[in-house]
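Given next are the chains, with one letter for each unit.
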Amino acid sequence: MIPLPDTLAAPGVDLHMHSTASDGALSPEALMSLCRSRGLTHVALTDHDSVAGVAEAAAAAERLGLTLLPGAELSVQWRGLTVHVLGYLPEGALAPMCEGLAAQAEAREARNLEIARRLEAVGLDDALARARAGVTEQRPLGRPDFARALVEAGVVPDIAAAFKRYLGAGKRGDVKMHWPYLGEALGWIRASRGVAVLAHPLRYKLTRRKRGLLLDDFATAGGEGAELLSGFQNPDETRDLARQLAERGLLASRGSDFHFPGGHLAPGTVSDVPRTPVTPLWHHPSLAAFAGRAVPS
Ligand code: AMP
Ligand code: MN
Ligand code: MN
Ligand code: MN
């Protein structure tokens, strides 16, 4: 196996993707096939609050000659906001992570009841049943399912409007009180010998100063990296974020946050790599085997 390069300029790597185990459109197997056909070599499956797709993805990856890193994208609370944490699990979901994911499933159930209650209050009858309709997989619901229900009921014209008016950050359907606190979720990941990475730091609409505070809190709680490249982003913002990571010694990751084909991004799609020197996530000692380096003894 050829080891991964020393820079984030590694077009064969995508460490953030979703399958039907959460709100992605492709089965884990179909996702792996698409990654293979796009020439990717090193991939991670990071469904929301779940590793249910990992076994199927691992079998497909093995067959296709892809190197798979198991993971999950956890929703957590941080100073009154919801942020997303990628937990990479080179040894799989060990007991602490399994317990954490079981807690996340319960949190989602409670949250879905509350989202439904709030949407019913604005006129969407039987909101939970409508969100569940058409979801054939055994998976917890999320805001995208409620968004689809709002569109199908004719309350809003499209998904974007559903988020803008009812489900996006700060709107009445944005229920965050059930999520664990940042430090708690990082505890599950670290106790499972995993690596915690802050997902898409530019997507929380924070000022630079507040983003710095988030990165500080994340590092203090044991987080080791952040996504420098996530889908499409502004090059100036990328450069600025690179500096913020370098200042804190955080490793830098890349991922498309792919959910469905036919959109504007595909597995492997990220914006340009900035010139600011950063250390790629795959330099982490726990990811040596994934990166194709000799495993430290
Ligand atoms: P949840 O995990 O239930 O909080 O749902 C969050 C998911 O909703 C994200 O991962 C996206 O897939 C999707 N989402 C969030 N904001 C938007 C938006 N403005 N438009 C479309 N999808 C969105
Ligand atoms: Mn999603
Ligand atoms: Mn996310
Ligand atoms: Mn995601």
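The structure reproduced in this document is the subject of the present report.

Calculation rules
Residues numbered from 1 in each chain as written. Chains lettered and ligands numbered in written order. Predicted model: local features only at pLDDT ≥ 70, side-chain atom pairs only at ≥ 80, totals over all residues. Heavy atoms only, no water. Helix = DSSP H or I, 4+ residues; strand = E, 2+ residues; numbered from the N terminus. Buried < 20%, exposed > 50% of the residue type's maximum accessible area, 1.4 Å probe, protein only. Contact = heavy atoms within 4.5 Å. Areas by Shrake-Rupley, 256 points an atom, 1.4 Å probe, with all protein chains shown as cover. Lys, Arg positive; Asp, Glu negative; His and termini not counted. Charge placed at Lys NZ, Arg CZ, Asp CG, Glu CD. Pairing = 2+ DSSP bridges. Axes fitted to C-alpha atoms, helices over the stretch in contact; angles between N-to-C directions. Salt bridge = Lys/Arg side-chain N within 4 Å of Asp/Glu carboxyl O. Core = buried A, V, L, I, M, F, W, Y, C linked by side-chain atoms within 4.5 Å. Donors = N, O, S within 2.8 Å, 3.2 Å for Na, K, Ca; no water. Near = heavy atom within 4 Å. Polar contact = N/O pair within 3.5 Å; in protein donor to acceptor, adjacent residues only side chain to side chain. Nonpolar A, V, L, I, M, F, W, Y, C, P; charged D, E, K, R; others polar.

## Points about the overall build of the chain
In terms of regular secondary structure, the chain is built from 10 helices and 7 strands. Projected onto its principal axes, the C-alpha positions of the chain cover 55 × 45 × 35 Å. Looking at the chain residue by residue over its 297 residues, the buried ones come to 54%. Restricting to contacts in the chain with at least 6 residues of sequence separation, those with at least 24 account for 72%. Summed over its atoms, the accessible surface of the chain is roughly 13,100 Å², and 53% of this surface lies on carbon and sulfur atoms. If you average the places of the 32 positive and of the 33 negative side-chain charges in the chain, the two averages end up 6 Å apart.

## Quick look at the sheet that holds strand β2 (residues 42-48)
If you trace the 7 strands from one edge of the open sheet to the other, you get β1-β2-β3-β4-β5-β6-β7, paired in mixed fashion. The open sheet terminates on both sides in strands that have one partner only, identified here as β1 (13-14) and β7 (251-255). Along the sheet, helix α7 (residues 182-191) contacts β3 (67-78), β4 (81-88) and β5 (195-198); its crossing angle with β3, the most-contacted strand, is approximately 160 degrees. Lying over the sheet, helix α8 (residues 208-220) contacts β3, β4, β5 and β6 (225-230), oriented at roughly 175 degrees with respect to β5.

## Notes on the pattern of salt bridges
Applying the stated criterion to the full structure yields 18 salt bridges. Between D49 and R108 there is a salt bridge, and its shortest N-O distance comes to 2.9 Å. With D49 in the loop between β2 and α2 (54-64) and R108 in helix α3 (residues 95-121), the pair connects residues that are 59 residues apart, well separated along the chain. In this structure R108 comes out as buried when scored by relative accessible area, which is 8%.

## Topic: the nonpolar core
Side chains of nonpolar character tend, in soluble globular proteins, to be buried together. The biggest cluster of nonpolar side chains holds 50 residues, and the ones touching the most others in it are L74, Y88 and L228. Among all residues touching Y88, those that are not within four sequence positions of it are L15, H16, A44, T46, L69, P70, G71, G194, V195, V197, S253 and L281. Within the second largest apolar cluster, 18 residues are counted, among which are I115, L119, A131 and A162.

## Looking at the environment of R132
With respect to the helices and strands, the residue R132 is situated in helix α4 (residues 127-132). On a C-alpha basis, the gap between R132 and V85 in space is 26 Å, while along the polypeptide they are 47 residues apart. Discounting chain neighbours no more than four positions away, the residues touching R132 are E137, R139 and L141.

## Regarding the coordination of the manganese ion (ligand 3)
In this structure, E73 (OE), H84 (ND1) and H200 (NE2) serve as the protein donors to the manganese ion (ligand 3), at separations of 2.1 to 2.2 Å. Each donor residue of the manganese ion (ligand 3) lies on the same chain, and together they follow the pattern E-x10-H-x115-H. A separation of 5.9 Å is found between the manganese ion (ligand 3) and the manganese ion (ligand 2). Residue E73 is located in strand β3, and its partner H84 is located in strand β4; the two are separated by 11 residues in the primary sequence. Just as E73 is buried, H84 falls in that class too.

## Details of the site of ligand 1
Close to ligand 1 lie D23, H48, R108, R111, G142, R143, P144, I159, F163 and H259. The contact in question runs from an oxygen atom of ligand 1 to an N or O atom on the side chain of R108, over 2.8 Å. In this structure, H259 approaches ligand 1 through a side-chain N or O atom, which is 3.1 Å from an oxygen atom. Secondary-structure elements contributing two or more residues to the shell around ligand 1 are α3, α5 (143-152) and α6 (159-167). For the shell around ligand 1, the residue count by class is 3 nonpolar, 3 polar and 4 charged.

## Observations regarding the coordination of the manganese ion (ligand 2)
In the first shell of the manganese ion (ligand 2), the protein supplies D23 (OD), H48 (NE2) and H259 (NE2), at 2.1 to 2.2 Å from the metal. When the donors of the manganese ion (ligand 2) are listed by position in the chain, the intervening gaps give D-x24-H-x210-H. The partly exposed category is assigned to D23, whose relative accessible area is 24%.

Interpretation in functional terms is not warranted from these geometric data alone.
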